[in-house]
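A look at the structure
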Amino acid sequence: MCGIVGVISKSPVNQLIYDALLLLQHRGQDAAGIVTAMGTKFFMHKARGMVRDVFRTRNMRALPGTLGLGQVRYPTAGNAYSEEEAQPFYVNAPFGVVLVHNGNITNAHALKKELFDIDRRHINTESDTEVLINVLAHELEQAARDLPLTHEEIFKAVAAVHRRVKGSYAVIALIAGYGLLAFRDPFGIRPLCLGASETAEGTDWMVASESVTLEGTGHRLVRDVEPGEAVFISLDGQMHTRQCAERPVLNPCVFEFVYLARPDSVIDGISVYHARLNMGETLAQRVINMMPPSEIDVVIPIPESSRPAAMQLAQKLGKPYREGFVKNRYVGRTFIMPGQGVRKKSVRQKLNAIGMEFKGRNVLLVDDSIVRGTTSREIVQMAREAGASKVFMASAAPPVRFPNVYGIDMPTKTELIAHGRTMDEIRDYIGCDALIYQDVDAMKRAVHALRPDLKGVEASCFDGHYITGDVSAEDFDAIQTQRASQPQDEEGAERTRLSLQSPSQ
């Protein structure tokens with residue numbers, strides 16, 4: 001899960017992209033990057049760290065131009081600690097292309113071999129984004145061979161990308177001297193939306209992962225980019241669109257509504273906040289079925305994504321809703337920290353209990369999901385230390401039993417607390433007095449109720465169904481092997497790769 005944005009404007013875009021990335025910071029805190037374009041020249045700055053730390057005044061001054069793109073990253077493929085794998089990525093032929101990508105390419109290993117053996121393209125990192133940009137560059141070259149590059153050739157290239165690339169991908173790219181290209185995988189797993197802003201000089205366009213980015217920068221939400229669709233905006237602001245997939249069908253990632261997206265975003269016509277309220281409603285019914293509500297004195301959310309669900313649950317149960325934990329907003333979100341050791345260390349730095357809300361009470365803690373269980377275990381212990389008589393735990397999402405290969409940082413079975421364990425074993429590990437999970441079908445209904453025409457959702461980490469149809473046991477083994485070989489701290493990071501200078505250096 002990353003956050004991406006692209007802008008084509010009549011005025012300089014460096015500050016606008018920076019502001020947009022701040023609005024997407026929740027989607028990734030490992031690295032950030034911006035590319036702008038002036039004429040046919042690109043200007044790039046990217047580094048590990050949060051947006052406010054990566055970009056200083058001198059960096060912003062070195063990013064001129066009226067079109068550009070940016071990304072905030074947390075790694076789901078490649079090397080979590082390699083600065084060279086921060087996005088955007090750049091290739092100089094054909095035309096010159098820079099690209100940012102949100103998602104995960106499931107056949108990246110096979111494509112990397114194809115690119116080297118057949119397409120004669122060299123991949124220098126372990127990043128699937130470098131694979132993706134080289135596939136796109138090759139297909140652009142094939143489509144425009146002996147022809148001028150128009151939107152027709154660009155859409156032919158995107159159609160060829162869809163035929164070759166498997167997995168989840170929302171993509172924004174700049175083609176030097178031509179314009180901005182955005183496209184989404186045929187299943188629409190990762191979100192991408194289009195916005196516009198009217199100015200005296202004409203229409204400015206923005207493409208971003210979430211609608212909150214558009215609204216927060218003064219753009220109106222036009223619509224979502226459809227699954228399999230490509231959008232090309234030329235340098236003069238003319239927009240062209242084309243459906244480039246053979247059998248597109250919308251299956252948005254349900255985890256966007258559970259946890260990943262901001263609650264004030266609307267994804268594929270579905271309010272994230274409303275979806276979380278619905279999940280609280282169905283979770284309340286689950287609680288009623290599992291235990292007597294009379295045993296619960298108070299409902300307390302685990303900040304912050306679980307608040308809407310916890311409020312709705314408390315209302316349904318007729319129990320008081322209280323804020324029992326205070327969050328330190330200046331510590332990174334534990335879910336997206338690359339090392340498990342860092343994750344364990346950060347929990348008590350991140351949350352502090354308000355003793356008066358726990359002392360002598362039976363508390364129902366509500367979290368958006370329970371993935372590894374380490375954070376939940378620490379929080380239950382904090383509630384007991386604060387004086388709670390009993391601690392019950394409810395998850396607004398079902399048990400995460402299966403690896404995710406579409407861009408969420410929980411891909412191996414051994415990392416999942418619910419994989420291969422009974423409810424009693426999970427409860428004992430977490431240390432709570434009762435454990436209640438959301439039902440899979442109820443979670444899907446909570447989302448579907450807000451868009452009845454939706455065919456389905458991508459929920460593989462809950463139901464084990466991989467909608468792209470190309471995921472095998474060998475893929476899981478390869479991912480687990482790759483993750484096991486990653487350095488667990490910055491000092492152990494690989495520093496021997498070829499380092500390519502950015503244009504701003």
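Remember, predicted model here, so these are calculated numbers, not experimental data. (Residues numbered from 1 in each chain as written. Predicted model: local features only at pLDDT ≥ 70, side-chain atom pairs only at ≥ 80, totals over all residues. Heavy atoms only, no water.)

1. What about the overall build of the protein?
Counting secondary structure elements, the protein contains 16 helices and 21 strands. A fraction of 71% describes how many contacts in the protein between residues 6 or more apart in sequence connect residues 24 or more apart. Surface accessibility of the protein: about 19,800 Å² in total, with carbon and sulfur atoms responsible for 49%. (Helix = DSSP H or I, 4+ residues; strand = E, 2+ residues; numbered from the N terminus. Contact = heavy atoms within 4.5 Å. Areas by Shrake-Rupley, 256 points an atom, 1.4 Å probe, with all protein chains shown as cover.)

2. Re helix H12 (residues 374–385)
Here H12 is twelve residues long and its end C-alpha atoms lie 17 Å apart, about the 16 Å a rise of 1.5 Å per residue gives. Where H12 is concerned, the buried positions are Thr-374, Thr-375, Ser-376, Ile-379, Val-380, Met-382 and Ala-383. Just past H12, the residue Gly-387 takes up positive phi, approximately 105°. (Expected span 1.5 Å × (residues − 1). Buried < 20%, exposed > 50% of the residue type's maximum accessible area, 1.4 Å probe, protein only.)

3. Remarks on the sheet that holds strand S2 (residues 31–38)
The strand order across the open sheet built from seven strands is S3-S2-S4-S1-S10-S9-S11, with neighbouring strands paired in antiparallel fashion. A single partner strand is all that each edge strand has here, and the edge strands are strand S3 (41–48) and strand S11 (220–224). Each strand of the sheet is rotated relative to its neighbour by a mean of 15°, with strand direction disregarded. In this sheet, strand S4 (residues 67–73) lies alongside S2 in antiparallel orientation, the contact comprising seven bridges. Considered in S4, the bridge of Ala-31 is made with Arg-73. (Pairing = 2+ DSSP bridges. Axes fitted to C-alpha atoms, helices over the stretch in contact; angles between N-to-C directions.)

4. Things to note about the pattern of salt bridges
Under the defined criterion, the tally for this structure stands at 32 salt bridges. Linking Glu-256 and Arg-190 is a salt bridge whose minimum nitrogen-to-oxygen distance equals 3.2 Å. Residue Glu-256 is found in helix H8 (residues 254–260), and its partner Arg-190 is found in the loop between strand S8 (179–184) and strand S9 (193–199); the two are separated by 66 residues along the sequence. Residue classification places Glu-256 among the buried positions, given a relative accessible area of 1%. Salt-bridge contacts for Glu-281 lead to Lys-316; the nearest nitrogen and oxygen are separated by 3.5 Å. You can see Glu-281 sitting in helix H9 (residues 272–290) and its partner Lys-316 sitting in helix H10 (residues 307–317), a full 35 residues away along the chain. Here Glu-281 falls in the partly exposed class, since its relative accessible area comes to 31%. Using a relative accessible area of 39% as the deciding quantity, one classes Lys-316 as partly exposed. (Salt bridge = Lys/Arg side-chain N within 4 Å of Asp/Glu carboxyl O.)

5. Digging into the UniProt feature "binding site: Mg(2+)" (unreviewed entry) in the protein
UniProt annotation of "binding site: Mg(2+)" (unreviewed entry) refers to Ser-305, Asp-367 and Asp-368 when read in the numbering used here. The greatest C-alpha distance among the annotated residues, which extend across 64 residues, is 7.7 Å, indicating that they converge on a single site. Residue position: Asp-367 is located in strand S19 (residues 362–367). Each residue touching Asp-367, except ones within four places of it in the same chain, is listed here: Ile-302, Ser-306, Ser-376, Ala-394, Ser-395 and Ala-396. Take Asp-368: it is sitting in the loop between S19 and H12. (UniProt positions renumbered as here; feature names shortened; annotations may be inferred.)

6. What to know about the UniProt feature "active site" (unreviewed entry) in the protein
The UniProt entry lists Cys-2 under the feature "active site" (unreviewed entry), expressed in the numbering used here. As for its position among the elements, Cys-2 is in the segment before strand S1 (3–8).

7. Some details on the packing of helix H4 (residues 108–117) against helix H5 (residues 128–143)
Contact geometry for H4 and H5: axes closest at 10 Å, N-to-C directions at 50°. When the axes of H4 and H5 are compared, the pair comes out oblique. Considering the relative orientation of H4 and H5, their crossing is left-handed. Residues Ala-108, Leu-111, Lys-112 and Leu-115 of H4 touch H5, and the partners they reach there are Asp-128, Val-131, Asn-134 and Val-135. Class assignment of the residues belonging to the contact of H4 with H5 gives a composition of five nonpolar, one polar and two charged. (Parallel < 35°, antiparallel > 145°, perpendicular 65-115°, else oblique. Left-handed = near helix turned anticlockwise from the far one by under 90°. Nonpolar A, V, L, I, M, F, W, Y, C, P; charged D, E, K, R; others polar.)

8. Here's the deal with the sheet that holds strand S5 (residues 89–91)
Read from one edge to the other, the open sheet built from six strands follows the order S5-S6-S7-S8-S12-S13, with strand pairing classed as antiparallel. Here the strands that pair on one side only, and so sit at the sheet edges, are S5 and strand S13 (239–243). Ignoring strand direction, the axes of neighbouring strands in this sheet form an average angle of 20°. Strand direction decides the pairing type here: strand S12 (residues 229–234) and S13, joined by five bridges, are antiparallel. Considered in S13, the bridge of Val-231 is made with Thr-241.

9. What about the environment of Trp-205?
Mapped onto the elements, Trp-205 comes out in strand S10 (residues 202–208). Residue classification places Trp-205 among the buried positions, given a relative accessible area of 12%. Separated by 33 residues in sequence, Trp-205 and Gln-238 place their C-alpha atoms 9.8 Å apart. Setting aside anything within four residues of it in sequence, one finds Trp-205 in contact with Gly-6, Val-7, Ile-8, Leu-194, Gly-195, Ala-196, Val-222, Ile-233, Gly-237 and Met-239. A distance of 3.2 Å separates a polar side-chain atom of Trp-205 from the backbone oxygen of Gly-237. (Polar contact = N/O pair within 3.5 Å; in protein donor to acceptor, adjacent residues only side chain to side chain.)

10. Focus: the packing of aromatic side chains
Across all of its chains, the model carries eight aromatic pairs by this definition. An angle of 85° between the planes, with centres 6.2 Å apart, marks the rings of Tyr-18 and Phe-55 as edge-to-face. You can see Tyr-18 sitting in helix H1 (residues 14–23) and its partner Phe-55 sitting in the loop between helix H2 (51–54) and helix H3 (57–61), a full 37 residues away along the chain. Phe-55 carries the same exposure label as Tyr-18, and that label is buried. Here a set of aromatic residues connected by ring pairs shows up, and it is made of Phe-255, Tyr-259 and Phe-462. The ring of Phe-89 carries the charged tip of Lys-46 above its face, separated from the ring centre by 4.7 Å. The positively charged end of Arg-377 is found above the aromatic ring belonging to Tyr-429, 4.5 Å away from the centroid. (Phe/Tyr/Trp six-rings, centres within 6.5 Å; stacked < 30°, edge-to-face > 60°. Lys NZ or Arg CZ within 6 Å of the ring centre and 35° of its normal.)

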